[in-house]
Each structure stands twice: as structure tokens, then as C-alpha cells.
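Structural overview
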Amino acid sequence: MFKNNPKLKNIFFLGFLLSLHIAFTAYTSSTFISLFSGESNVSFVYIASSIITIFALFYVPKMLRRVGEYKFLLWSSFLNAAALLLIALVKTPLVVIPLFLFYFTLNSMIIFALDELVQIFSKNSNTGAVRGLYLTVSNLAWVVAQIISGIILSSFAISAVYLIAFFVMVLFCLIAWTRLDKISDPKYDKGMAWHTFKKFFRNKNLTRAYAINFLLQFFYVWMVIYTPIYLHTYVNFNWSELSIIFTVMLLPFILIQFPSGEYSDKIGERQMLMLGFAIASVSTTAIFFIQGHNIWIWAIILFCTRVGAAIIEVMSDVYFFKHINTENDEFIAVYRNTAPMSYIIAPLLAFFVFEFAPSFNFIFLILGAILLYGICLSSKIKKSDI
């Protein structure tokens with residue numbers, strides 16, 4: 001894998017650094033933003049960020065054609081680092097909230113660019129292995145970040161994690177500057193965004209991959225925004241305890257994604273996706289019935305939810321990237337807008353759930369039911385589609 005593509009090592013390391021800096025802020029952002037916007041407005045901040053991101057992603061291919069992957073990564077990572085530094089230091093809501101919108105959007109754009117690089121340096125015959133290892137390396141950063149975040153938050157304010165994330169992105173920028181300067185760009189797709197959008201959804205495999213990934217991203221949004229609030233506010237875990245729970249919770253992403261990717265190259269993605277959705281659905285539903293302040297019970301049940309999510313994540317990516325070429329960069333833009341789309345739809349739906357549900361934990365019962373649709377969706381994949 002790395003012998004034929006030595007640049008792949010650098011791309012994997014950049015993926016690790018990108019995920020590390022995102023992981024530092026992911027589980028604290030809703031709490032941090034609420035300090036400036038008020039708790040009731042947090043969902044609207046995420047919705048605004050996601051709307052901007054959706055539009056921005058359609059301009060990324062045009063930027064790549066004009067400046068290339070190398071310069072794009074340099075500028076986007078530099079601006080990302082600058083935004084993080086200002087977020088950590090500035091205390092004015094009128095400045096912090098727009099900076100967060102900018103930072104949120106840049107993250108998705110950089111993820112897009114790295115996706116494109118991994119696609120360039122992987123071959124269809126080993127897409128599962130490459131994607132599985134890339135996701136494993138990237139998700140290892142989430143586990144590391146939770147351990148470090150727990151130590152930081154036990155002694156410092158939440159803004160400190162943004163300062164740590166700033167230093168990580170400075171390193172990202174330096175690695176991109178010194179190691180990716182000779183990367184050759186493919187001939188990028190020149191199709192217009194709307195034309196690409198229509199072409200994307202005319203393909204049944206790409207449409208199915210989009211729907212599967214949207215369900216996964218929807219799961220992530222509800223879990224990332226509302227699980228910390230529920231555990232901290234209603235179950236009364238402190239941030240040190242939560243760091244232990246979240247560290248255990250994220251272990252499946254580094255334990256099973258690479259072997260799952262390799263296995264999918266042999267048997268296909270259909271059965272693995274059905275298994276992943278079944279595990280995620282059952283374990284998420286089980287959260288509704290759990291009570292009590294026990295770190296290890298919560299760690300185990302959340303670990304199980306991520307076993308399912310880890311399988312779905314790698315299988316969804318493998319299934320999608322097997323059906324596009326390196327030139328189809330705008331297809332990646334469509335596929336990756338599942339994350340910002342979920343950040344629009346999921347908080348809106350959550351608003352109605354909280355309005356009508358008798359208690360906060362009903363959100364997990366409803367999420368478990370929604371994930372059942374993923375089993376049905378995955379079952380429609382035919383052998384000829386793989």
C-alpha cells in the first residue's frame with residue numbers, strides 16, 4: 001500500500017491531525033457556543049454553519065482546478081488555524097459565532113480535499129483496505145483527543161481546547177507545506193454543480209451510498225450534540241468521567257475499521273452494512289432504558305453504538321468510492337454534504353422531539369428506530385452493484 005504510494009503516508013498523517021483537532025472541539029462545541037448564543041440557540045448556530053458548508057462544498061472543485069490540492073490545503077489549513085486562535089482568545093459573541101461558522105465550514109472543505117487525495121492514491125481493487133486504514137488512523141485521533149481533553153478540562157476553561165486545536169492545525173499546515181508540494185492533480189470534473197447533482201442521483205448506487213451516509217451522519221449529530229448534554233446535565237457525569245466514557249466509546253473506530261475494510265474487499269458491503277445498522281439500532285435503543293450513574297455501563301453501551309457506526313462508516317465510504325473515478329471530485333462534494341445536511345435536519349427534528357416527548361432520553365429511542373431503515377436500505381444492494 002505505502003510502497004507504491006509513498007505520499008499516502010503523509011496523507012494519512014494529515015488525516016490524523018485533522019481528526020485530532022476536530023475531536024478536541026467536537027464534544028465541547030455545543031457547550032462552548034451556548035456561552036455566547038444561549039443554550040436555546042445552539043441548534044440554530046449549527047444549522048447556519050451547515051447551510052454555509054453545503055454551498056461552500058460545491059465551490060471546492062472549482063478551487064481545486066484553479067490552485068490545485070497543494071495550495072488549497074495550505075490556505076485552508078492556515079485560515080482554519082487562524083480561526084481557532086481567535087475563537088480561543090476572543091470573548092465577544094458577535095466575533096466568536098461568525099468565526100465558528102467559518103471554522104465549521106473550513107473543516108468540511110479540508111475533509112473534502114483529503115478525500116480527493118486518498119482517492120487519487122488508491123486503486124479500486126484495494127479501496128476497502130485503504131479506506132479502512134485511513135479511517136482507523138483518523139479515528140485513532142478521536143480516542144487520543146478524548147484522553148487529552150479530559151485532562152485539559154479538569155484544570156482549564158473550555159476555550160483551552162480550541163488553543164490546543166490551533167497548535168495541531170499549525171502542524172498540519174507545516175506538514176502539507178513540506179511534504180505535498182509535488183503532488184500531481186488529476187483532470188477534475190468540470191460539470192456545473194446542479195448538473196453534477198442531478199447526475200449523481202440518477203445513479204442508484206451513489207444515491208444509496210448517500211442515503212446510507214446521511215443516516216450515519218444523522219446518528220453522529222444527535223449523539224455528538226445531545227449525548228454530552230444528557231450525560232452531563234441529567235445523569236450528572238463530570239467532564240473527567242465523560243472523557244473516560246467517550247474514550248472507551250470511540251475504541252471501535254480504531255479496532256475494527258481496517259479489518260472491516262479488508263473483509264469488504266472479499267465479500268462486499270451489503271452484509272456488513274446490515275450488521276452495522278442492526279448493532280447501532282439495538283444499542284442506541286437500549287440507552288433509553290439505562291438509568292443510574294455508572295461509568296462502565298454507559299461506556300459499554302456507547303461502545304456498542306460505535307461498533308455499529310464504525311462498520312457503517314467504512315462500508316459506506318468503500319461502497320461510494322468504488323463507484324466513482326478520481327476525476328469525479330464534484331461527486332465527493334455531493335456525498336460529503338450529508339454531514340452539513342444532517343446538521344440542518346437533525347437539530348430541527350430534535351426540536352420537535354423535545355417539544356412533544358415526555359423526557360429527554362426519548363431522543364435515543366427515536367434514533368434507534370430511525371436506524372432500522374438502514375437495514376432495509378442496505379439489503380437492497382445487489383451483488384452486481386459491488
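In short, a report on the structure. (Residues numbered from 1 in each chain as written. Predicted model: local features only at pLDDT ≥ 70, side-chain atom pairs only at ≥ 80, totals over all residues. Heavy atoms only, no water.)

**A closer look at the overall build of the chain**
Within the chain, the regular secondary structure consists of 17 helices and zero strands. Among the 386 residues that make up the chain, the fraction classed as buried is 59%. In the chain, 87% of the contacts between residues at least 6 apart in sequence involve partners at least 24 apart. Split by element, the accessible area of the chain, about 16100 Å² in all, is 67% carbon and sulfur. (Helix = DSSP H or I, 4+ residues; strand = E, 2+ residues; numbered from the N terminus. Buried < 20%, exposed > 50% of the residue type's maximum accessible area, 1.4 Å probe, protein only. Contact = heavy atoms within 4.5 Å. Areas by Shrake-Rupley, 256 points an atom, 1.4 Å probe, with all protein chains shown as cover.)

**Points about the environment of Phe-360**
With respect to the helices, strands and loops of the structure, Phe-360 is situated in the loop between α16 (338-356) and α17 (362-379). Residue Phe-360 is classed as buried on the basis of its relative accessible area, which comes to 12%. The spatial distance from the C-alpha of Phe-360 to the C-alpha of Tyr-226 is 9.1 Å, given a sequence separation of 134 residues. When near neighbours in sequence (up to four residues on either side) are disregarded, Phe-360 contacts Tyr-226, Ile-229, Tyr-230, Tyr-234 and Phe-354.

**With respect to unusual backbone geometry**
You will see that Asn-236, though not glycine, has its phi angle at about 70 degrees, which is positive. Tracing the backbone through its elements, the reader meets Asn-236 in the loop between α9 (204-234) and α10 (239-249).

**Concerning the packing of aromatic side chains**
Tallied over the entire structure, the rule returns 35 aromatic pairs. Geometrically, the ring pair formed by Tyr-230 and Phe-360 is stacked, given 5.4 Å between the ring centres and 10 degrees between the ring planes. With Tyr-230 in helix α9 and Phe-360 in the loop between α16 and α17, the pair connects residues that are 130 residues apart, well separated along the chain. Aromatic side chains Phe-351 and Phe-352 sit 5.5 Å apart centroid to centroid with 80 degrees between the ring planes, which places their arrangement in the edge-to-face category. With a relative accessible area of 48%, Phe-352 lands in the partly exposed category. Chaining the aromatic ring pairs together yields one cluster made of Phe-197, Phe-200, Phe-201, Tyr-210, Phe-320, Phe-321, Phe-331 and Tyr-335. (Phe/Tyr/Trp six-rings, centres within 6.5 Å; stacked < 30°, edge-to-face > 60°.)

**Here's the deal with the packing of α9 against helix α13 (residues 270-287)**
It is the contact of α9 with α13, at a shortest axis distance of 13 Å, that shows an interaxial angle of 25 degrees. In terms of axis orientation, α9 runs roughly parallel to α13. Relative to α13, the crossing made by α9 is left-handed. Listed contacts from α13 to Ile-212, Leu-215, Phe-219 and Met-223 of α9 are Leu-273, Phe-277, Thr-284 and Ile-287. (Axes fitted to C-alpha atoms, helices over the stretch in contact; angles between N-to-C directions. Parallel < 35°, antiparallel > 145°, perpendicular 65-115°, else oblique. Left-handed = near helix turned anticlockwise from the far one by under 90°.)

**Considering the pattern of salt bridges**
Evaluated as defined, the whole model comprises three salt bridges. A salt bridge links Asp-115 to Arg-336; the nearest nitrogen and oxygen atoms lie 2.3 Å apart. Of this pair, Asp-115 sits in helix α5 (residues 93-120) while Arg-336 sits in helix α15 (residues 329-336), placing them 221 residues apart in sequence. Residue Asp-115 shares its accessibility class with Arg-336, and that shared class is buried. Arg-336 is paired through a salt bridge with Asp-317; the nearest N and O atoms lie 3.1 Å apart. Here Arg-336, found in helix α15, pairs with Asp-317, found in helix α14 (residues 295-321); they are 19 residues apart in sequence, far enough to count as distant. With respect to burial, Arg-336 and Asp-317 carry one shared label: buried. Three or more residues are tied together by salt bridges with common partners; here these are Asp-115, Asp-317 and Arg-336. (Salt bridge = Lys/Arg side-chain N within 4 Å of Asp/Glu carboxyl O.)

**Quick look at helix α1 (residues 7-26)**
Between its terminal C-alpha atoms α1 stretches 28 Å, which fits the 28 Å expected from 20 residues at 1.5 Å a residue. Across the 20 residues of α1, 17 count as buried, placing the element largely inside the fold. (Expected span 1.5 Å × (residues − 1).)

**Topic: the nonpolar core**
The nonpolar side chains of a soluble globular protein tend to be buried with one another. By size, the foremost hydrophobic cluster in this structure holds 137 residues, and its most contacted members are Leu-114, Phe-172, Trp-222, Leu-231, Trp-298 and Phe-320. With 18 residues, the top contributor of residues to this core is α9. Those residues in contact with Leu-231 that sit more than four places away from it in its chain are Asn-236, Phe-237, Leu-242, Phe-246, Trp-298 and Leu-302. (Core = buried A, V, L, I, M, F, W, Y, C linked by side-chain atoms within 4.5 Å.)

**Here we look at a nonpolar patch on the surface**
A cluster of nonpolar side chains, Phe-13, Val-170, Leu-171, Leu-174 and Trp-177, forms an exposed patch at the surface whose accessible area comes to about 440 Å². The leading source of residues in the nonpolar patch is helix α7 (residues 159-179), at four residues. Here Val-170 is to be found in helix α7. (Patch = residues over 30% accessible without salt bridge, like charges linked within 9 Å, V, L, I, M, F, W, Y side chains within 5 Å.)

**Some points on the packing of α10 against α14**
Direction vectors running N to C along α10 and α14 enclose 35 degrees, while the axes themselves pass 7 Å from each other. Relative to α14, the crossing made by α10 is right-handed. Of the residues in α14, those touching α10 at Glu-241, Ile-244, Ile-245, Val-248 and Met-249 are Ile-295, Trp-296, Trp-298, Ala-299, Leu-302, Phe-303 and Arg-306. Looking at the contact of α10 with α14 residue by residue, the class counts come to 10 nonpolar, no polar and two charged. (Nonpolar A, V, L, I, M, F, W, Y, C, P; charged D, E, K, R; others polar.)

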